[in-house]
Amino acid sequence: MKIRTTKIIKKAGAVLFSATCLFSLFTPYSKKVTGGERYECVWADGSVTEESFSSAYRDLAGMDGESVLLSRGGLKGRIASGAGEVYSVLDKGTLPQLLECTAAGTRIDGAALYRTYSKRVWYDGSYYVWTGEKVERVPKSAREEIVILEGNIPPRVLQETNASTIYLRAGALVKADTFAGSNVKKLFAEAPYSERDGAIYLDTAGGKRLVSAIGTEREMTIEEDSAFADEGALTACRNLVSLTLPFLGSALSSYGSGYRGEFAHLFASGGEFRVPATLERVKVTGGRIISFAFYGCANVKEIDACGVDAGEISRMAFAGMNSLQKLRSPQRDLILAGNFKSYTAECGCTVYERI
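How each quantity is defined
- Residues numbered from 1 in each chain as written.
- Predicted model: local features only at pLDDT ≥ 70, side-chain atom pairs only at ≥ 80, totals over all residues.
- Heavy atoms only, no water.
- Pairing = 2+ DSSP bridges.
- Helix = DSSP H or I, 4+ residues; strand = E, 2+ residues; numbered from the N terminus.
- Axes fitted to C-alpha atoms, helices over the stretch in contact; angles between N-to-C directions.
- Disulfide = S-S within 2.5 Å.
- Phe/Tyr/Trp six-rings, centres within 6.5 Å; stacked < 30°, edge-to-face > 60°.
- Buried < 20%, exposed > 50% of the residue type's maximum accessible area, 1.4 Å probe, protein only.
- Lys NZ or Arg CZ within 6 Å of the ring centre and 35° of its normal.
- Core = buried A, V, L, I, M, F, W, Y, C linked by side-chain atoms within 4.5 Å.
- Contact = heavy atoms within 4.5 Å.
- Salt bridge = Lys/Arg side-chain N within 4 Å of Asp/Glu carboxyl O.
- Polar contact = N/O pair within 3.5 Å; in protein donor to acceptor, adjacent residues only side chain to side chain.

Asker: Explain the sheet that holds strand β12 (residues 193-196) residue by residue, including any values.
Answerer: What the four strands build is an open sheet, ordered β12-β13-β14-β16; its pairing is mixed. Two strands bound the open sheet, and with one partner strand each, they are β12 and β16 (226-229). Sheet twist, expressed as the mean angle between neighbouring strand axes with direction ignored, is 35°. Looking at chain direction, strand β13 (residues 199-204) and strand β14 (residues 207-213) are connected through six bridges and run antiparallel. If you follow leucine 202 over to β14, its bridge partner there is arginine 209.

Asker: Before we move on, could you go through the state of the cysteines and cite the residues and values that matter?
Answerer: For the structure shown, the criterion picks out zero disulfides. Sulfur of cysteine 237: no disulfide; nearest cysteine sulfur belongs to cysteine 297 and is 14 Å away.

Asker: Report on the packing of aromatic side chains, specifying residues and quantitative values.
Answerer: This model, assessed by the stated rule, comprises nine aromatic pairs. With 5.1 Å between their ring centres and 50° between their planes, tyrosine 123 and tyrosine 127 make a pair best called tilted. For the residue pair tyrosine 123 and tyrosine 127, the accessibility class agrees, reading buried in each case. Across from the ring centre of phenylalanine 53, 3.9 Å away, lies the NZ or CZ of arginine 107, which sits over that ring. We note arginine 120 situated over the ring of tyrosine 167; from NZ or CZ to the ring centre the distance is 4.5 Å.

Asker: Quick one: what's the story with the nonpolar core, residue by residue and with numbers?
Answerer: If you look at the biggest cluster of nonpolar residues, it comprises 44 residues, and the most contacted ones within it are Leu243, Phe263, Ile289, Phe294 and Phe318. Among residues more than four places away in sequence, those in contact with isoleucine 289 are Leu248, Val284, Phe294, Ala305, Val308, Glu312, Ile313, Ser314, Ala317 and Phe318. Ranked by size, the runner-up nonpolar core spans 29 residues in total, among them Tyr39, Val89, Ile108 and Val147.

Asker: Please set out the pattern of salt bridges residue by residue, giving values where relevant.
Answerer: Under the defined criterion, the tally for this structure stands at 20 salt bridges. With a shortest N-O distance of 2.9 Å, arginine 72 and glutamate 51 are connected by a salt bridge. Taken together, the residues arginine 72 in strand β4 (residues 67-72) and glutamate 51 in strand β2 (residues 48-52) connect sequence positions 21 residues apart. Among the salt bridges present, the one from glutamate 353 reaches lysine 341, with a minimum N-O distance of 3.8 Å. Of this pair, glutamate 353 sits in strand β24 (residues 350-354) while lysine 341 sits in strand β23 (residues 340-344), placing them 12 residues apart in sequence. Three or more residues are tied together by salt bridges with common partners; here these are Glu51, Arg58, Asp59 and Arg72.

Asker: For the environment of serine 291, give the residues involved together with the corresponding values.
Answerer: Examined against the element boundaries, serine 291 turns out to sit in the loop between β20 (281-284) and β21 (302-304). Overall, serine 291 belongs to the partly exposed group, its relative accessible area being 36%. Not counting residues up to four positions away in its chain, the partners in contact with serine 291 are Ser314, Met316 and Ala317. Of the polar contacts made by the side chain of serine 291, one reaches the side chain of serine 314; its length is 2.7 Å.

Asker: Hey, could you go over the environment of serine 67 for me, with residue numbers and the actual values?
Answerer: Mapped onto the elements of the fold, serine 67 is located in strand β4. Overall, the relative accessible area of 10% leaves serine 67 in the buried class. Spatially, the C-alpha atoms of serine 67 and arginine 78 are 5.6 Å apart, while their sequence positions differ by 11 residues. Excluding anything up to four places from it in sequence, serine 67 contacts Arg78, Ile79 and Ser81. For serine 67, the side chain forms a polar contact with the side chain of arginine 78, separated by 3.3 Å.

Right, here's the structure in full:
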């Protein structure tokens, strides 16, 4: 009986030891505690509590640089942080700064930093992650967030990480197909890049340029002050239903040898036009509409071109559009595929509806 009891005690001890080791693997905090740390937490209602590491960790919500954030019973609490510099580097630092960064502050600081940045990977041709102690280079890593520090972004990088959030630094090189096949749903851009409705723009000396898109939007409005668009800039947008844009093709102005006036220029890939089959409605507010401008748009049903000057719309602009059901245009002398009835809208444009 004594032998059996001894075995049971040994097994229980082994289980406890394993659990302790497992806990330590998932809590890579910056400092070991001797005697236990205590923290003063100031809550949103003005109350103040003294927290142990265990109680603070239980309600840990992250950090914001100045404070470790807690959330308990619907209230937000703050513990003054001693790891503000580390947080700042991990948030906005360059690669040299990241590689010099090491853990600092209390044990709860370490837990908050790890909670905040363990889901992030940095990329500049190689992958880097925060271990809880330092930033370390790794072969590759699947994470929720990716920071593109600089350089080209091969589509495979976003596919390998499966990141849903991307942070674009100024030195990143975004191409039209960068987000094709990716899981990116949110994007935060640093100048000279900017983002709206999933579309990514680059500010250039010649004006704002549409360069790419993350592709998750069903309705998209291209910035009205855009002057240029790269070939295939909307290639990743495979679920678009409605699109509003300030011009068709490659540029607001048709001057220049590189001008392309086809709407499908925005969806060109590998020498082919790949307008998404989901796209039904298009609104264009400026620029030119050349002959057969909507070539390759087999499923577009409705076009609003009221914002375009009548003299900039070719008679053959909408020719060959067999799926077109409704068209609004200031140009009255148009050649359309099929039979349409027409009437004048309040704005003075002619509305064509398929019979």
